Amino acid sequence: MSPGQTEYTYLRVPPVADLRACVGLVLAGMAARARIGVGGLEEAVELLEGFHSESAPTSFRFAVSGDTVIAEVEEPSEDGGSRWRTVVELVS
């Protein structure tokens, strides 16, 4: 990976309520990888789970940047495509 390039972990969650918890598992794993404490993790998971759609698959991506974990959700953009919106940043 070249300097300045971010490496992402992607998760696509089907529209099944029982699979919503997968988002929390990935976020917790990324926080452990970044050696970030669990303070605020529960609230961050709840926020991300709130973006999960029960009518279509929901795409998330996660990145570790130094001592920060960034979680983003894919959403439609005004030009008809899609964009990534940062919804959680956990910092140690």
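Everything quoted here is computed from the prediction, not taken from an experiment.

1. Observations regarding the nonpolar core
Within soluble globular proteins, side chains that are nonpolar generally end up buried alongside one another.
Line of reasoning, step 1. Leu-27, Leu-48, Phe-60, Phe-62 and Leu-90 are the most contacted members of the largest nonpolar core, which has 20 residues in total.
Line of reasoning, step 2. Going through the elements one at a time, strand E1 (8-13), helix H1 (22-33), helix H2 (41-49), strand E2 (58-65), strand E3 (68-76) and strand E4 (82-91) are the ones with two or more residues in this core.
Line of reasoning, step 3. Other than its neighbours up to four places away in sequence, Phe-60 contacts Thr-9, Tyr-10, Leu-11, Val-13, Val-23, Leu-48, Phe-51, His-52, Glu-72, Val-73 and Trp-84.

2. Points about the environment of Ile-70
Line of reasoning, step 1. By the element assignment, Ile-70 lies in strand E3.
Line of reasoning, step 2. Sequence separation between Ile-70 and Arg-85 is 15 residues, and the spatial gap between their C-alpha atoms is 10 Å.
Line of reasoning, step 3. Ignoring anything within four residues of it in the chain, the contact list for Ile-70 reads Arg-61, Phe-62, Ala-63, Thr-86, Val-88 and Glu-89.

3. A few points about the pairing of E2
Line of reasoning, step 1. When you tally the buried positions in E2, you get 6 out of 8 residues, the bulk of the element.
Line of reasoning, step 2. Taken together, the 6 bridges between E1 and E2 define a ladder with antiparallel strand orientation. Opposite Leu-11, over in E2, you have Phe-60 as the bridge partner.
Line of reasoning, step 3. Sheet topology note: the E2/E3 ladder contains 6 bridges and is antiparallel. Of the residues in E3, the one forming a bridge with Arg-61 is Glu-72.
Line of reasoning, step 4. Taking the residues between adjacent antiparallel strands as the criterion, E2 and E3 are bridged by 2 residues, where Gly-66 takes a positive phi near 65 degrees.

4. Focus on the confidence of the model for the protein chain
Line of reasoning, step 1. Averaged over all residues, the pLDDT of the protein chain is 90; the fraction at 70 or higher stands at 95%.
Line of reasoning, step 2. The weakest mean pLDDT in the protein chain belongs to H1 at 90; the strongest belongs to E1 at 95.

5. Regarding the packing of aromatic side chains
Line of reasoning, step 1. Under the criterion given, the structure shown has 2 aromatic pairs.
Line of reasoning, step 2. Between Tyr-8 and Tyr-10, the aromatic rings sit 6.1 Å apart at their centres with planes inclined by 55 degrees, giving tilted as the arrangement.
Line of reasoning, step 3. With centroids separated by 5.8 Å and ring planes inclined at 65 degrees, the aromatic side chains of Tyr-10 and Trp-84 adopt a geometry described as edge-to-face. Residue Tyr-10 is found in strand E1, and its partner Trp-84 is found in strand E4; the two are separated by 74 residues along the sequence.
Line of reasoning, step 4. Given a relative accessible area of 53%, Tyr-10 falls into the exposed group.
Line of reasoning, step 5. The partly exposed category is assigned to Trp-84, whose relative accessible area is 24%.
Line of reasoning, step 6. In this structure an aromatic cluster arises from ring pairing among Tyr-8, Tyr-10 and Trp-84.

Basis of the calculations
Residues numbered from 1 in each chain as written. Predicted model: local features only at pLDDT ≥ 70, side-chain atom pairs only at ≥ 80, totals over all residues. Heavy atoms only, no water. Core = buried A, V, L, I, M, F, W, Y, C linked by side-chain atoms within 4.5 Å. Buried < 20%, exposed > 50% of the residue type's maximum accessible area, 1.4 Å probe, protein only. Helix = DSSP H or I, 4+ residues; strand = E, 2+ residues; numbered from the N terminus. Contact = heavy atoms within 4.5 Å. Pairing = 2+ DSSP bridges. pLDDT = per-residue confidence, 0-100. Phe/Tyr/Trp six-rings, centres within 6.5 Å; stacked < 30°, edge-to-face > 60°.

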